[in-house]
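Report on the structure
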Amino acid sequence: MTTQEFLGKKEFTIHTQTVSESCPSNIALIKYWGKYENQIPANPSISYTLNHCKTNTSMEFIADETFSVQTFLSGNEEVKFAEKIEKYFKNIEPYLPWILKGKYIIRTENTFPHSSGIASSASGFGAIAKCLMKLDEIFTGEITEEHSLKKASFLARLGSGSACRSLYNGLVVWGTSDEVAGSSDLYAVKYPDSEIHEIFRDFNDWVLLIHEGQKSVSSTVGHGLMKTNPYAERRFQEARENFVPMKEILKSGDLHQFIKLVEHEALTLHAMMMMSDPAFILMKTGTLEVINKIWDFRKETGLPLFFTLDAGANVHLLFPSDNSKEKITTFIERELLLHTQKNGVVKDIMKF
Ligand code: PMV
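Residues numbered from 1 in each chain as written. Predicted model: local features only at pLDDT ≥ 70, side-chain atom pairs only at ≥ 80, totals over all residues. Heavy atoms only, no water.

**Overview of the site of the ligand**
Taken together, 13 residues lie around the ligand, and Tyr32, Ser162, Arg165, His223 and Asp310 are the ones closest in. In the model, an oxygen atom of the ligand is placed 2.7 Å from a nitrogen or oxygen of the Arg165 side chain. Here an oxygen atom of the ligand and a side-chain polar atom of Ser219 are 3.1 Å apart. Expressed as a share of its isolated accessible area of 380 Å², the protein-covered part of the ligand is 91%. Among the residues forming the shell around the ligand, the class breakdown is 5 nonpolar, 5 polar and 3 charged. Three or more residues apiece are contributed to the shell around the ligand by two domains, here domain 1 (3–195) and domain 2 (198–351). (Near = heavy atom within 4 Å. Polar contact = N/O pair within 3.5 Å; in protein donor to acceptor, adjacent residues only side chain to side chain. Areas by Shrake-Rupley, 256 points an atom, 1.4 Å probe, with all protein chains shown as cover. Nonpolar A, V, L, I, M, F, W, Y, C, P; charged D, E, K, R; others polar. Domains from an automatic or database assignment.)

In structure tokens:
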């Protein structure tokens, strides 16, 4: 599909209406880092959609009022966020021609701590895009579930790139890859469940909150710095290539190769940050201590505990829900929790 096919229908009837939607966050295994104009990713990415970390959003649309947006996060008014949403709504008007014909009151809350570094922009924009598509269905009378979901993913992408992957559960691909049928730079697609070994269909993600608080460099700035990074092209190519083994691994259930690939992707993301100009480092001492302890633990026990990292210091601990789970969680509680700032850990699961 092309951008043209997402343009909005001209006939619509608006009225005052409140809708509510919920959307989870996601964690990438092959990372998106670097983009072109209009939120086009420089390489394809694949992520797990989380089960518990979600944003719940209610959107009140007051028809025929002057366009404005008011936002509340957990009951507190957020003026900066409202400004961001106003800009976003203006940007997506070609796709939803009724969007600027009213006033919005948006109330949103996350089921996970705001300071956790878990991608609230992914779940947040995902939930907003779903609310918008619900309003669109009501105002245009057009309901085709598949198109609606695809368009919600398309719209979420224009808010925050990785948000487009949160619209589907399980494993989700965004960005054109020769390895994934139907994949697109414009929206995310669900990776077929039938191509995923059962070991990967009940997985844990425990997020160790190594550092709670503002990141020193935002992901917007980070993506931008890939434009001048001398290693960027090689990195984009490597991410594309990594889809070949990833596809094999997902099918065969080769946990050993999965661990190797996922950790390599996480470290490459942070290596790119260090090779940027200006360079920046988002990992903290605790991040490195945890990584080393995970490697020692694997060497000693052979158990499948491994990590991935977002654009931040927190460590996503990944492990399957098989008979190794108890030993792994005991190790986490005893040995890894002490590296967090305030004993913070968010326990999520990817089960589908
Ligand atoms: O969607 P953004 O602009 O917040 O970028 C997300 C980038 C990473 O989380 C580091 C990787 C990814 O693919 O989610």
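**Observations concerning the domain arrangement of the chain**
One can read the domain layout of the chain as domain 1 (3–195) and domain 2 (198–351). Summarising the inter-unit geometry, the C-alpha centres of domain 1 and domain 2 are found 25 Å apart. With 35 residues of domain 1 in contact, the opposing surface of domain 2 contributes 47 residues. Across the domain 1-domain 2 interface, the total number found is 3 salt bridges. One salt bridge in this structure joins Asp193 and Arg201, with 3.8 Å as the shortest N-O distance. For the pair domain 1 and domain 2, the interface holds 14 residue pairs in polar contact (both at pLDDT 80 or more). Broken down by secondary-structure element, the contributors of at least two residues to the side of domain 1 that touches domain 2 are strand 1 (17–30), strand 2 (35–36), strand 4 (45–63) and strand 8 (171–174). When residues in the side of domain 1 that touches domain 2 are grouped by element, the largest group, 8 residues, is from strand 4. Its residues placed into classes, the side of domain 1 that touches domain 2 shows 19 nonpolar, 11 polar and 5 charged. (Contact = heavy atoms within 4.5 Å. Salt bridge = Lys/Arg side-chain N within 4 Å of Asp/Glu carboxyl O. Helix = DSSP H or I, 4+ residues; strand = E, 2+ residues; numbered from the N terminus.)

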